[in-house]
There are 2 protein chains.
Amino acid sequence: MISRKTKYALQALGCLAEGAAGEPMLIADLAERERIPRKYLEAILVALRKGGVLTSRAGRGGGYQLAAPPAEITLARVITILDGDLAPLPCLAGDAPARCDECGDLDTCGTRLVMAEVMRTLNATLEGLTLADIVARSREARERRRGTPDFSI
Amino acid sequence: MISRKTKYALQALGCLAEGAAGEPMLIADLAERERIPRKYLEAILVALRKGGVLTSRAGRGGGYQLAAPPAEITLARVITILDGDLAPLPCLAGDAPARCDECGDLDTCGTRLVMAEVMRTLNATLEGLTLADIVARSREARERRRGTPDFSI
DNA sequence: AAATATGTCTACAATGTCTGTAGAGTTTTG
DNA sequence: CAAAACTCTACAGACATTGTAGACATATTT
């Protein structure tokens, strides 16, 4: 359901979402703060950039930034970029379902019909959650623990 | 999200749920009807038996039967038996979440909190669907296609 | 222009999981 | 006993995941 790679990605993206919007962050800093192998994170960030979720700048003073506000980057998008289609079976593919070898009839296969229902629900859930939620949940949890909910500016 | 193994299992279980309740079905018949490699299906059925979803009888006249009515066997149960916990990351395990190596603090990790939400939704969906739904969806689809919805007994 | 800081790309390797196969063994019925 | 059926252990190939290495390209600062 969630790979280590995706978790790394969400952690790094959460980190970027928490930071100030204007300043790029370095791969090395993200890797250290979130305890992610540097070169592995590198590959993840490149994929996210190609997926349009991040922008980067090389050279001194460069680094990575979110390509959009945290509230506009959904979990569905991040997961799809990194792990591909949620459904590893051809007959459940979101866009163009194709017959699996063992599927008798695509339209009347009960297993397929029921699992398609599950996939739709899951997708709706993932479309409804964003990086902003990750930041919010984390902050709520920290405040709750200290017993000092902070409603001030 | 769904492995080939789980799909095979659901197909075979759907087949058993459709058939008459009293008569056991043979591995070989299930394998042929659903186009599943015989020996692989064998391993799947053994796991389901150990998981309490099936009963079997060896010897002539033997075979496999559901251990409960189709409406009482949830997708959640089948998937858990075959693929283990839905969450492959320690920090998201349903019963006893443990810290992953890269998790800083289990209670305030935003990624974990949000993904836990997703897992709960997914689990609720899978708990709400049963073998009876697989049979029902398949029958509805067949009836719809022939243009002869059948509301009679 | 040179030096340095930074991201980019390709290739590879270790490990693990998934899918599938083989064959000997055990239980039950007739 | 003999045949029909499930049971168990072991293995193997393909594939995905995770992680590493190092050469390269780009941008900034001086």
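Along each chain, residue indices are assigned from 1 in the same order as the chain's sequence is written. Chain letters and ligand numbers both follow the written order, the letters beginning at A and the numbers at 1. Note on the predicted model: pLDDT of at least 70 is required for a residue's local features to be given, and 80 or more for side-chain atom pairs to be given and counted; whole-chain, interface and lining totals, by contrast, use all residues. Excluding hydrogens and water, the side-chain figures rest on all heavy atoms present in the structure.

Trainee: I'd like a rundown of the nonpolar core, residues and numbers included.
Mentor: Each nonpolar core is a collection of buried residues, namely Ala, Val, Leu, Ile, Met, Phe, Trp, Tyr and Cys, held together in the definition by side-chain atoms within 4.5 Å. Each residue is placed in one exposure class: buried if its accessible area under a 1.4 Å probe, protein chains only, is under 20% of its type's maximum, exposed if it is over 50%, and partly exposed if it falls in between. Of all hydrophobic cores here, the largest spans 96 residues; its most connected members are A:L13, A:L48, A:L54, B:L13, B:L48, B:L54 and B:L126. Setting aside chain neighbours within four positions, we find A:L54 in contact with A:L13, A:L16, A:L45, A:L48, A:R49, A:Y64, A:Q65, A:L66 and A:A67. A contact between two residues is defined here by any heavy atoms of the two lying within 4.5 Å.

Trainee: Can you explain helix α2 (residues 27-34) of chain A? Please cite residues and give values.
Mentor: Since the α-helix packs 3.6 residues into each turn, any two residues three or four apart lie on the same face. All names here are of chain A. Helix numbering and strand numbering both begin at the N terminus, where a helix is a DSSP run of H or I of at least 4 residues and a strand a DSSP run of E of at least 2. Three or more residues of α2 are buried, namely I27, L30, A31 and E34. For α2, the buried positions fall inside an angular range of 100° around the axis, keeping them on one side. Among the exposed residues of α2, those oriented more than 90 degrees off its buried face are E32 and R33. Contacts from the buried residues of α2 go to α1 (4-18), α3 (38-50) and β2 (63-66). Within this analysis, the arc is defined by the directions that extend from the helix axis to the C-beta atoms.

Trainee: So what's going on with the interface of chain A and chain B? Which residues, and what values?
Mentor: Where the parts come together, the accessible area they lose is often given as the size of the interface. Contact with chain A, which involves 45 residues of that partner, is made by 45 residues of chain B. Taking both sides of the interface into account, the surface hidden between chain A and chain B amounts to around 3,900 Å²; carbon and sulfur atoms contribute 67%. Among the residues of chain A in contact with chain B, A:M1, A:K7 and A:E102 are the three that bury the most area, contributing 18% of the side total. For this document, the term salt bridge refers to a Lys or Arg side-chain nitrogen within 4 Å of an Asp or Glu carboxyl oxygen. At the junction of chain A with chain B, the criterion picks out 4 salt bridges. Residue A:D105 is joined to B:R145 by a salt bridge in which the shortest nitrogen-to-oxygen separation is 2.7 Å. In protein, a polar contact means a hydrogen-donor-capable atom and an acceptor-capable atom, both N or O and within 3.5 Å, with residues adjacent in sequence counting only if both atoms are side-chain atoms; elsewhere, any N or O pair within 3.5 Å suffices. For the interface between chain A and chain B, the tally reads 6 residue pairs in polar contact (both at pLDDT 80 or more). Put simply, the parts of the chain that give the side of chain A that touches chain B at least two residues each are α1, α5 (110-127) and α6 (131-146) of chain A. Broken down by element, the side of chain A that touches chain B gets its largest block of residues, 12 residues, from α5(A). The quantity reported as buried area is the accessible area (1.4 Å probe) lost by two parts once they are put together, taken as the sum for both.

Trainee: Describe the relation of the copies chain A and chain B, and please don't skip the residues or the numbers.
Mentor: Our superposition of the copies is a least-squares fit, built on the C-alpha atoms of residues whose pLDDT is at least 70 in both. It takes a turn of 180° to lay chain A on chain B, together with a shift of 0.0 Å along the axis; the resulting RMSD is 0.1 Å. Here the copies are linked by what is in effect a two-fold axis. Of the C-alpha atoms belonging to chain A, the one lying closest to the rotation axis is found on A:M1, 2.7 Å away. Comparing interface residues between copies, 100% of those in chain A also lie at the interface in chain B; the contact surface is shared.

Trainee: Please set out the protein's contact with DNA strand D residue by residue, giving values where relevant.
Mentor: The environment of DNA strand D is made up of 25 residues, and the closest members are A:R4, A:K39, B:E42, B:R49 and B:Y64. Nearness is defined per residue: one heavy atom within 4 Å of the molecule or strand is enough. A share of 67% is what sugar and phosphate atoms reach among the atoms of DNA strand D within 4 Å of the protein. With respect to DNA strand D, the backbone of A:K5 contributes an N or O atom lying 3.4 Å from a phosphate oxygen. Ranked by the residues each element gives to the surface near DNA strand D, the list is headed by helix α3 (residues 38-50) of chain B, at 5 residues. Class assignment for the residues of the surface near DNA strand D results in 10 nonpolar, 5 polar and 10 charged. The residue classification treats Ala, Val, Leu, Ile, Met, Phe, Trp, Tyr, Cys and Pro as nonpolar and Asp, Glu, Lys and Arg as charged. All others, Gly included, are polar.

Trainee: So what's going on with the protein's contact with DNA strand C? Residues and values would help.
Mentor: Around DNA strand C, 25 residues are found, and the nearest of them are A:E42, A:R49, A:Y64, B:R4 and B:K39. At a separation of 3.1 Å, a phosphate oxygen of DNA strand C approaches a polar side-chain atom of A:S56. For the surface near DNA strand C, the elements supplying multiple residues, two or more each, are α3, β1 (54-57) and β2 of chain A together with α1 (4-18) and α3 of chain B. Taken together, the residues of the surface near DNA strand C sort by class into 10 nonpolar, 5 polar and 10 charged.

Trainee: Go over unusual backbone geometry, please, and point to the residues and values.
Mentor: Located in the positive-phi region is A:R35, a residue other than glycine, with phi close to 55°. Looking at the element boundaries, A:R35 is found in the loop between α2 and α3.

Function cannot be read off these values alone, since they describe shape.
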